[in-house]
Amino acid sequence: MNKTVEVLPDQPALVARALELILSKLETAIEQRGRFTIALSGGSTPKPLYEAIATQKLPWDKIHIFWGDERYVPPDHPDSNELMTRRAWLDRVDIPAANIHPVPTLEANPELAAAKYEQHLKEFFNSSGVEFPPLDVVLLGMGDDAHTASLFPHTEALKVRDRLVTVGNKDGNPRISFTYPFINSARSVIFLVAGANKRPALAQVFAPVADDFTYPSRLIKPQGELWWLLDAAAGLELQH
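In the nomenclature of an unreviewed UniProt entry, the protein chain is known as 6-phosphogluconolactonase of Nostoc cf. edaphicum LEGE 07299. Listed in UniProt under the heading Catalytic activity (unreviewed entry), the comment for the protein chain reads: "6-phospho-D-glucono-1,5-lactone + H2O = 6-phospho-D-gluconate + H(+)". A UniProt comment under Function (unreviewed entry) is attached to the protein chain, and it reads "Hydrolysis of 6-phosphogluconolactone to 6-phosphogluconate."

Asks: Any details on the environment of Met142? Residues and values, ideally.
Replies: Tracing the backbone shows Met142 in the loop between β5 (137–140) and β6 (165–170). By relative accessible area, which is 4% here, Met142 ends up buried. Between the C-alpha atoms of Met142 and Gly43, which are 99 residues apart in sequence, the distance is 9.5 Å. In this structure, Met142 is in contact with His147, Phe191, Leu192, Val193, Lys198, Ala201, Leu202, Val205, Ser217 and Trp228, ignoring residues within four places of it in sequence.

Asks: Give me the lowdown on the side chain of Glu6, citing residues and values where you can.
Replies: Position of Glu6 among the secondary structure elements: in strand β1 (residues 2–8). You can call Glu6 buried: its relative accessible area is 19%. Apart from the residues within four sequence positions on either side, Glu6 is in contact with Arg17, Trp227, Trp228, Leu229 and Leu230.

Asks: Go over the nonpolar core, please, and point to the residues and values.
Replies: Among the nonpolar cores identified, the biggest contains 76 residues, and Leu49 and Trp89 are the most heavily contacted of them. Per-element tally for this core: the top contributor is helix α1 (residues 11–33), with 9 residues. Excluding residues that lie within four positions of it along the chain, Trp89 makes contacts with Leu40, Tyr50, Ile53, Ala54, Trp60 and Ile65.

Asks: Give a detailed account of unusual backbone geometry, specifying residues and quantitative values.
Replies: Even without being a glycine, Ala149 presents a positive backbone phi close to 50°. Relative to the assigned elements, Ala149 resides in the loop between β5 and β6. Positive phi, close to 55°, is recorded for Asp171, a residue that is not glycine. Tracing the backbone through its elements, the reader meets Asp171 in the loop between β6 and β7 (173–178). The exposure class assigned to Asp171 is exposed, which follows from its relative accessible area of 67%.

Asks: Residues and numbers for the pattern of salt bridges, please.
Replies: Scanning all chains against the criterion turns up 13 salt bridges. When the shortest N-O distance is used, the salt bridge between Asp61 and Lys62 registers 3.9 Å. Take Lys62: its relative accessible area is 32%, and that puts it in the partly exposed class. In this structure, the salt-bridge partner of Asp136 is Arg187, at a minimum N-O distance of 2.9 Å. Residue Asp136 is located in the loop between α4 (110–125) and β5, and its partner Arg187 is located in the loop between α5 (180–183) and β8 (188–193); the two are separated by 51 residues in the primary sequence. According to the relative accessible area criterion, Arg187 is partly exposed, its value standing at 31%.

Asks: With reference to specific residues and values, describe the sheet that holds β1.
Replies: Ordered by their spatial adjacency, 6 strands build an open sheet running β1-β9-β8-β5-β2-β3, and the pairing between neighbours is parallel. The open sheet has two free edges, formed respectively by β1 and β3 (63–67), since each of these has just one partner strand. Looking at each pair of strands side by side, their axes are set apart by 15° on average, direction ignored. Pairing of strand β2 (residues 36–40) with β3 involves 5 bridges; the strand directions are parallel. The residue of β3 that forms the bridge with Ala39 is Phe66.

Asks: Lay out the environment of Lys221 in plain terms, naming residues and giving numbers.
Replies: Within the element layout of this structure, Lys221 appears in the loop between α6 (199–205) and β9 (225–231). Remark: the alpha-carbon pair of Lys221 and Thr28, spanning 193 residues in sequence, is separated by 22 Å. The residues contacting Lys221, other than those within four sequence positions of it, are Met1 and Asn184.

Thresholds applied
- Residues numbered from 1 in each chain as written.
- Predicted model: local features only at pLDDT ≥ 70, side-chain atom pairs only at ≥ 80, totals over all residues.
- Heavy atoms only, no water.
- UniProt positions renumbered as here; feature names shortened; annotations may be inferred.
- Helix = DSSP H or I, 4+ residues; strand = E, 2+ residues; numbered from the N terminus.
- Buried < 20%, exposed > 50% of the residue type's maximum accessible area, 1.4 Å probe, protein only.
- Contact = heavy atoms within 4.5 Å.
- Core = buried A, V, L, I, M, F, W, Y, C linked by side-chain atoms within 4.5 Å.
- Salt bridge = Lys/Arg side-chain N within 4 Å of Asp/Glu carboxyl O.
- Pairing = 2+ DSSP bridges.
- Axes fitted to C-alpha atoms, helices over the stretch in contact; angles between N-to-C directions.

Structure, rendered in structure tokens:
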């Protein structure tokens, strides 16, 4: 794992750096493999990033969009990560509908939805049952409890190591989430973390010793690159 931590002055600088990094990964992926695959995160921090990506002139037909986690709500629900991304980005660009791979959230139950998304991913990557296919980029956020994707502290989702997708649990509400081994198969994982409220969690995630099941972001150790992009408020104590 190749780990880089960057502390940016403010959120606009954080977004600008994330954009630069993603465009670089995109260019390399298309050059080497003919397509770019990215899994997105929800929340307020990446929204301006998505709006910035929407202004770029990119080979949209070669870009494939996935989601690392999703609330178990219909795609037109205000809490839907998919809806936020479509409004900020995807509805503004000429990307083929077939290149957008949303989490199915209208199944009979979340377990079925997780299994269906996993099957879709395996078919897309043409992967066998035992291997975890590598996405080019997995974009992650982190909560002030150190959760990432929908991998929350002390939940069953953290124990799932043989699947690509599982059911997360947030205060009794199901969510669909990539498993941490699948995230760790990515070529690049990029955390975007902003705000002073994240400092206590970051201190534990970066500590030499702490409990992975209490601070789930510690489990993210990709085979490729790991980027932590922090704004100054979040990264104050990590600056050297």
